[in-house]
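Examining the three-dimensional arrangement
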Amino acid sequence: MSVACPIQRRLRSFLDGQLTSADEAMIEQHVDRCPDCRRALEELTQDSSHAPMLASHDNLVEEPLTPRLRKNVAAAYSAELGTYYNTGNDDPTKPENPSSTAEWPNVPGYEVTGLLGRGGLSVVYRATDQRLKRPVALKIIRVQATPDERERLQREAEALATLRHPGVVQIYEIGEEQGRPFLALEYVAGGSLSRHMAGKPQPARAAARLVATLAETMDLAHQRGLVHRDLKPANVLLHWDNESRLRDDLNYCRPKVTDFGLVKNMSVESGLTHSRDLLGTPSYMAPEQAGGDPETVGPACDIWALGAILYELLTGRPPFHGATAVDTLMQVRQTEPVPPCRLQAKLPRDLETICLKCLEKAPGQRYATARELAEDLHRFRDGQSIQARPVSPAGRAWRWCRRNPAITALTGIAALLLVALAIGGPVAAYREAGLRGEALERARQAEAERLRASQNFDLATLALDETLKQVYERIGVRPDTMHDFDQNAWEATIPYLEQLVSQEATTPELQLRKARATRQLARSLADRNETQRAAKLFQQATSALAALAATDAKTAEIQRDLAICHLEYGKCLIRNPDTASDGEAQLVIAAKQLDKLVAANPQVATYREDLANTVGFLGEQMLKDRDRRPDARAHLERAAELRHQLSAEFPNKQAYLASEVFTLLSLGMVRSEVNEPGKSVEAFERALSGARQLSVVAPGDGQFLYLQAVAVDGLAVANLKTKNLDEAKTHAHEATGIHDRLAAAFPASKQFAYSAVQSHEVYRRVLTQQQDWPAAADQVRAAIAINTRYTDAHPDARAAKLDSVTMNRYLGELLRKMGRHDEAVAQFREAIALGDSLSDGGSVVDDGIRLRLAEVGVELGVTLANGKDAAAALAQFEKVVEMLSPTDAIPINRELRRLLKQALIHQSKLLSTLGRPDDAKKAEAKAKLLSDAE
Amino acid sequence: MNTASGPLTSVTLLGRLRLLPADPGAWQEFIDCYGPRIYRWCRHGGLQEADAEDLTQTILLKLLRVMQTFEYDATLRFRGWLRTVVHNSWHDLLRTLQRTRVETGAMNGADPLDSIEARDDLVTRLEAAYDRELLELAASRVRLRIAPQTWDVYRLSAIEQMPVGDVAFKLNMKVAAVYKARNNVQKYLRDEVKYLEGEES
């Protein structure tokens, strides 16, 4: 270790954040340079237990049990659960805990015979009223009761007295014995609903009936201004007529509400309600109740609780249940319940809808009154259509996703998000690549259910808007990020779009959405190279939008849609060389329409952006054709101008700046091509400053760094053209530095690898111009290394392999220039071997390979001839001539012809040197023939 | 408001089962999570497929049954509880096992499953499942508390084993800062696991 190395203990303190920030900065600086300290830190932060366990997820997953075994166990356990609970203390007359009879109170007039239950405030005993010889439930307040608690018991008695109703447990007497207030209440033999359920789902219709009855009872209470605030299965007692043979059948029971200990009288202002204590039972508590604000607690709380009871009846468990009360309350306030149908497959949809309407977080979204709830439940039982509207499928999918942690939550609806974007959402993008993969997987899972559910076009589209909004909030999508969606992700949306497109659209609004869906579907199909279907759909969308634009009031927006449709149609057509000119025509239409739109609505930035996109794309297209460079330049100038206006006007929008940088890079290139190096430099410099600005905003972003590097490369090329070699060298040096870092950090990126190779290539050209052969050779070696790393990872990357042949040739030429003859020859032979391996032993021969092999062959021949090995050189040229000589089947192009001529001339010279003048003349004649043909 | 905190408040599967043995979601999950490990244990002990299935079924049911009736003992930490559950059902299991062996005529003399080592091996396997569950829960909770980049550091450098230098470049951080972040996350994870385990006990 060097002298300045911090001792181990100090590194430990650094890790634990116990140093001042100045000391931290010092250590950070030091560690960057000191491998010893890095090793020490590596050891100090080794994680031998957790990380491997988290990493080994896949290999640790065990083979699942066979379905038969699984079913057997489940069936056996269900059966056991049944017996377990039923063998519980069913006979309420039997003392539950005989050992504690000593604690039973002595209340004159009553004989206590058993313990029925304990609450927070009181104990309930089973007793007999000795005067009337009837069973009662004695609710006696705990010994340590506070005045508040006594007050509550009083209030409960008053409430019960107000509610003379068969659905409410009756009150017989309120009294006090030895300082302990008590209530004598109607004894209900059937026990509580919670005991009856025993955690098992109940038949749906019986559940609906029971909750309807409860709701009617609560409606009565609400009319009298009473809110129960603690409805739950344990507070619902079940009464069966004694002679009923249908005991235990929920269909024939009479539920009675009990325990009004938390009752709130809406018409009375009372000191008790000012307390911010949480009152109630977490699993059945409404969110507003869980919030602890007594002002907001009203009948809606009871409606929530009725929904929670219905939920538990249907699924066997309460809608929310955490490990602790606090956890449960958090869930109540923040998470959506699992839709009951997901827990009980055959549950009627309508009943689920009713249940979930009760469990809406916002009180205003629930049933307005308990009566309405009761009526909807009766409607369900009578087979009529219910009033509650189900939460749309997308909405439900969204809620379902929200229950899942972090990433999984937002990926489930990613495909829907995409659809929403296509048919009406704002343009947005998100960048996490990993997310997209998961999104696809999730989308596939959700697909079956979604397809079935999204029958209603209207509802589906509206729900998608809602989904979109929530997704934005949830994952913090930044609509202005520069990255577009991965085209693959659109694939996942095709089924949804097909569904939407096949729907009848009745209103102009829906017609517009349908047209957009059609357009997006066309685009997705175009990406899958289903060009014909795509074209047909594009035409459909175009005519639908044109018709809408003629009639609808929101003309500008629709005209924009129409223009975008032409733009995308054009892009689709342009991919195929046969239809490229048609595609350009579409693009020109789009540009014209957008031009008009911008002129009429100069304040709308989006239209200008669209116009810039269209004009810029046209420019890029024209750039591919050498003869149309001036046209390309004019378009790119226009696009750059538009983009510059936008980014100047909205300095905070990264996307505008990023687009401007892209356009400036193309503009710099085209200006250089039309020999305006000065202006080219100006464009690249602007691009560079833009890219630097972007990197400041998003320092870790490889894309922005990449843009910088390309801009610097552009400067190098422009300076190379004007022979400002020193300037060019500085730029090339900087550009290759950035490119190397990028290529190393993202080894799988084709874009970065290709660009890094190009950058080294520019540097090589600069150094070659300066005749610095060794340095140039270093650049070629660096380029070859990057290219090889890439082709090793992507064995199919044929173009990159062809480049390797060429780069090996460059290296050979440089070696020759350095006088390292043998090394040069070896290098050329290596290039030839590489080319041969690409042609698969000669079976795959296209012009690309032939050109590169011929180039190397000529260079090798020249090198051998320089090395006085005339025979070997001759053989080499003969090989090239043989490979390039045209036949009827294989004509040759201009490039190849040039090489052939070169080879023939060399051949001829060598033949005369070797004393074969006749053959030399023949070769010369062939070369002349080629010249004449031009 | 952090909408993601809800799902994370649910405790581990075994914890839920102990609190609510009749929760159908919980016990079915239990069968799916722990069943395969028990089955593997049976096979490891030399049982044929069909016999292993029988014994797995018996053990699963036994465990579930014991969980239902097991008296809550606040002094017992979760592992102790798990161990006790297995120990309590061990005697019955051995009887089933012997019956299986006799019926199939597979075994005379010492049975590899009929030993304290085998029993402890079963406990170890179940504990491993529990540990893993606990850790995953802890990781998801930690992850929500810390900055995404800090988690990325841990994910890349510890879980995916990317060299720290590369991580530093990729996330545009100082190398030392990467170590520090990794160290922090490890500490959070340890604390969270400890905390969760405390909750479960």
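Residues numbered from 1 in each chain as written. Chains lettered and ligands numbered in written order. Predicted model: local features only at pLDDT ≥ 70, side-chain atom pairs only at ≥ 80, totals over all residues.

1. Thoughts on the overall build of chain B
In terms of helices and strands, chain B carries nine helices and zero strands. Each helix (α) and strand (β) of chain B, taken in turn from the N terminus, gives the series α-α-α-α-α-α-α-α-α. Within chain B, buried positions represent 43% of all 201 residues. Excluding contacts between residues fewer than 6 apart, the proportion of contacts in chain B whose partners are at least 24 apart in sequence is 63%. (Helix = DSSP H or I, 4+ residues; strand = E, 2+ residues; numbered from the N terminus. Buried ≥ 20, exposed ≤ 12 C-beta atoms within 10 Å, placed from the backbone. Contact = placed C-beta atoms within 7 Å.)

2. Focus on the overall build of chain A
For chain A, the helix and strand inventory stands at 40 helices and nine strands. Taken over 934 residues, chain A has a buried fraction of 46%. Partitioning the contacts of chain A with sequence separation of at least 6, the portion at a separation of at least 24 is 62%.

3. Section: the packing of helix H32 (residues 725–745) of chain A against helix H33 (residues 750–769) of chain A
Residue and element names in this part refer to chain A. Relative orientation of the contacting elements H32 and H33 amounts to 155 degrees, with a least axis distance of 9 Å. The angle between H32 and H33 falls in the class roughly antiparallel. Seen from above, H32 lies across H33 with left-handed handedness. Residues Leu725, Ala728, Lys729, Ala732, His733, Ala735, Thr736, His739, Asp740, Leu742 and Ala743 of H32 lie in contact with H33, whose contacting residues are Phe752, Ala753, Ser755, Ala756, Ser759, His760, Val762, Tyr763, Val766 and Gln769. Each residue belonging to the contact of H32 with H33 can be placed in one class, and the counts come to 12 nonpolar, seven polar and two charged. (Axes fitted to C-alpha atoms, helices over the stretch in contact; angles between N-to-C directions. Parallel < 35°, antiparallel > 145°, perpendicular 65-115°, else oblique. Left-handed = near helix turned anticlockwise from the far one by under 90°. Nonpolar A, V, L, I, M, F, W, Y, C, P; charged D, E, K, R; others polar.)

4. Focus: the nonpolar core
All names here are of chain A. Leu545, Val661, Ala687, Ala711, Ala716 and Ala903 are the most contacted members of the largest nonpolar core, which has 130 residues in total. A per-element tally of this core places helix H31 (residues 702–721) first, with 13 residues. Once residues lying within four places of it in the same chain are set aside, the contact partners of leucine 545 are Ala515, Ile558, Asp561, Leu562 and Cys565. Membership of the second largest hydrophobic core comes to 81 residues, among which are Leu193, Ala212, Phe260 and Phe380. (Core = buried A, V, L, I, M, F, W, Y, C linked by C-beta atoms within 7 Å.)

5. A short note on the environment of aspartate 32 of chain A
Mapping aspartate 32 of chain A onto the fold places it in helix H2 (residues 21–33). Not counting the four nearest positions on each side in its chain, aspartate 32 of chain A is found in contact with Lys174 and Val175 of chain B.

6. Examining unusual backbone geometry
All names here are of chain A. Positioned with a positive phi, aspartate 259 is a non-glycine residue whose angle comes to about 55 degrees. Following the sequence through the fold, aspartate 259 ends up in the loop between strand S8 (254–257) and strand S9 (264–265). Look at aspartate 259 and you get buried, because 25 C-beta atoms sit within 10 Å. Unusually for a residue other than glycine, lysine 723 sits at a positive phi of about 65 degrees.

7. As for H31 of chain A
In this model H31 of chain A runs 29 Å from its N-terminal to its C-terminal C-alpha over 20 residues, within 8% of the 28 Å that 1.5 Å per residue would give. Lysine 723 of chain A occupies a position one or two residues after H31 of chain A and carries a positive phi of about 65 degrees. (Expected span 1.5 Å × (residues − 1).)

8. Thoughts on the confidence of the model for chain A
All names here are of chain A. On average, residues of chain A score 78 in pLDDT, and 77% of them reach the 70 mark or higher. Between the elements of chain A, mean pLDDT differs from a low of 27, seen in helix H17 (residues 406–411), to a high of 94, seen in helix H11 (residues 299–315). Scored below 50 in pLDDT, residues 269–278 makes nine contacts in the model with residues more than four places away or belonging to other chains. For the stretch residues 417–488, pLDDT sits under 50, and the model shows 122 contacts to residues farther than four places along the chain or on other chains. (pLDDT = per-residue confidence, 0-100.)

9. Section: the pairing of strand S3 (residues 134–141) of chain A
Residues and elements named next belong to chain A. In terms of burial, S3 is a largely internal element, six of the eight residues being buried. Two successive antiparallel strands, strand S2 (residues 122–129) and S3, enclose a turn made up of four residues, where lysine 133 displays a positive phi of approximately 55 degrees. Where S3 and strand S5 (residues 180–186) come together, five bridges link them in antiparallel fashion. Bridge pairing links alanine 137 to leucine 185 in S5. (Pairing = 2+ DSSP bridges.)

10. Some thoughts on the confidence of the model for chain B
Of the residues in chain B, 72% have a pLDDT of 70 or more, and the chain-wide mean is 73. Interface scoring of the predicted complex returns ipTM 0.76; its pTM is 0.44.

11. Regarding the pairing of S2 of chain A
Residue and element names in this part refer to chain A. In terms of residue burial, S2 counts as a mostly covered element, since six of its eight residues are buried. Pairing analysis gives eight bridges linking S2 to S3, with the strands arranged antiparallel. Looking at the pairing, arginine 126 lines up with alanine 137 of S3.

12. Details of helix H27 (residues 605–623) of chain A
Under the 1.5 Å per step criterion, the end-to-end length of H27 of chain A is 27 Å for 19 residues, consistent within 8% with the ideal 27 Å. Of all 19 residues in H27 of chain A, 16 are buried, a share of seventy percent or more.

13. Side note on the environment of cysteine 341 of chain A
Residues and elements named next belong to chain A. Inspection of the secondary structure puts cysteine 341 in helix H13 (residues 340–343). Exposure remark for cysteine 341: the 20 C-beta atoms within 10 Å place this residue in the buried category. When the C-alpha positions of cysteine 341 and leucine 351 are compared, they lie 9.4 Å apart, and in sequence the two are 10 residues distant. When residues no more than four places from it in sequence are discounted, the contact partners of cysteine 341 are Leu347, Arg349 and Glu352.

14. As for the packing of H31 of chain A against H33 of chain A
All names here are of chain A. Close contact between H31 and H33 brings their axes to 10 Å; oriented N to C, the two are set at 25 degrees. In terms of axis orientation, H31 runs roughly parallel to H33. Helix-helix and strand crossings are classified by hand; for H31 and H33 the assignment is left-handed. Between H31, through Tyr706, Ala709, Val710, Asp713, Ala716, Val717 and Leu720, and H33, the contact on the second element is made entirely by Phe752, Ser755, Ser759, Val762, Arg765, Val766 and Gln769. Class assignment for the residues of the contact of H31 with H33 results in nine nonpolar, three polar and two charged.

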